[in-house]
Amino acid sequence: MRIVIGSDHAGFPLKSTIVEYVKSLGHEVQDVGSFDPNPVDFPDIARQVTDRINAGEAERGLMVCGTGVGASIAANKVKGIRAAVCHDVHSAHQSVEHDDVNVMCIGAQIVGPWLAKDLVESYLKAEFSTDEDFRRRVAKLAEMDASR
């Protein structure tokens, strides 16, 4: 799978661990920054992540910021994106299975490298359910998105 990964300065230290881990799982990685610990605005990174997903250059995205919240808010402002903050394994896979999430956001100040790897693996292995209830609900989300 093609994965785009981005972080702000707060997420920068954890991002390198995530990039290497995603590669070790056999996925192609596009790293859109940040590339150093200097301050950067998470909405700028979210735009780069979401643009690549919407352009079809990546199937899913990962964002790392301090809490994951800012990254999630920014990503969800972009049409076609369904982002979720995930700090537990259940949410990481269920967000894909039930809600067809295409950007998972992680808080580097909330989780450490070992949990981040578990979250990423669970997110990337998950597939959107074929259950009609979940498909219907995600279609309604797409309708809401289209009406913006």
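This report concerns the structure included in the present document. (Residues numbered from 1 in each chain as written. Predicted model: local features only at pLDDT ≥ 70, side-chain atom pairs only at ≥ 80, totals over all residues. Heavy atoms only, no water.)

As for the environment of phenylalanine 12
- Within the fold, phenylalanine 12 resides in helix 1 (residues 12-24).
- Not counting chain neighbours up to four residues away, the residues in contact with phenylalanine 12 comprise Ser7, Ser34, Phe35, Asp36 and Pro37. (Helix = DSSP H or I, 4+ residues; strand = E, 2+ residues; numbered from the N terminus. Contact = heavy atoms within 4.5 Å.)

Structural notes on the packing of aromatic side chains
- This model, assessed by the stated rule, comprises zero aromatic pairs.
- The cationic tip of arginine 60 hangs over the ring face of tyrosine 123; the distance from NZ or CZ to the ring centre is 5.3 Å. (Phe/Tyr/Trp six-rings, centres within 6.5 Å; stacked < 30°, edge-to-face > 60°. Lys NZ or Arg CZ within 6 Å of the ring centre and 35° of its normal.)

Quick notes on the nonpolar core
- Residues Ile18, Val22, Leu62, Met104 and Val120 are the most contacted members of the largest nonpolar core, which totals 25 residues.
- Per element, the largest residue contribution to this core is six residues, and it comes from helix 5 (residues 113-125).
- Judged by nonpolar contacts, the second largest core, of 17 residues, contains Val4, Ala71, Ala75 and Val103. (Core = buried A, V, L, I, M, F, W, Y, C linked by side-chain atoms within 4.5 Å. Buried < 20%, exposed > 50% of the residue type's maximum accessible area, 1.4 Å probe, protein only.)

Quick look at a nonpolar patch on the surface
- A grouping of Val69, Ile73 and Val85 is seen on the molecular surface, where their side chains present a nonpolar patch of about 220 Å² in accessible area.
- Take valine 69: it is sitting in helix 3 (residues 69-76). (Patch = residues over 30% accessible without salt bridge, like charges linked within 9 Å, V, L, I, M, F, W, Y side chains within 5 Å. Areas by Shrake-Rupley, 256 points an atom, 1.4 Å probe, with all protein chains shown as cover. Salt bridge = Lys/Arg side-chain N within 4 Å of Asp/Glu carboxyl O.)

A few points about the sheet that holds strand 1 (residues 2-7)
- In spatial order, the strands read 2-1-3-5-4; together these five strands make up an open sheet with parallel pairing. What marks the edges here is a single partner per strand, and that holds for strand 2 (28-31) and strand 4 (83-85). Mean inter-strand twist for the sheet, computed between neighbouring axes without regard to direction, equals 20 degrees.
- Both strand 4 and strand 5 (residues 103-107) contribute to a ladder of three bridges, which runs parallel. Note that in strand 5 the partner of alanine 84 across the bridge is methionine 104.
- Helix 2 (residues 42-54) contacts strand 1, strand 2, strand 3 (60-65) and strand 5 of the sheet and is inclined by roughly 170 degrees relative to strand 3.
- Along the sheet face, helix 3 touches strand 3, strand 4 and strand 5 and points at about 165 degrees away from the line of strand 4. (Pairing = 2+ DSSP bridges. Axes fitted to C-alpha atoms, helices over the stretch in contact; angles between N-to-C directions.)

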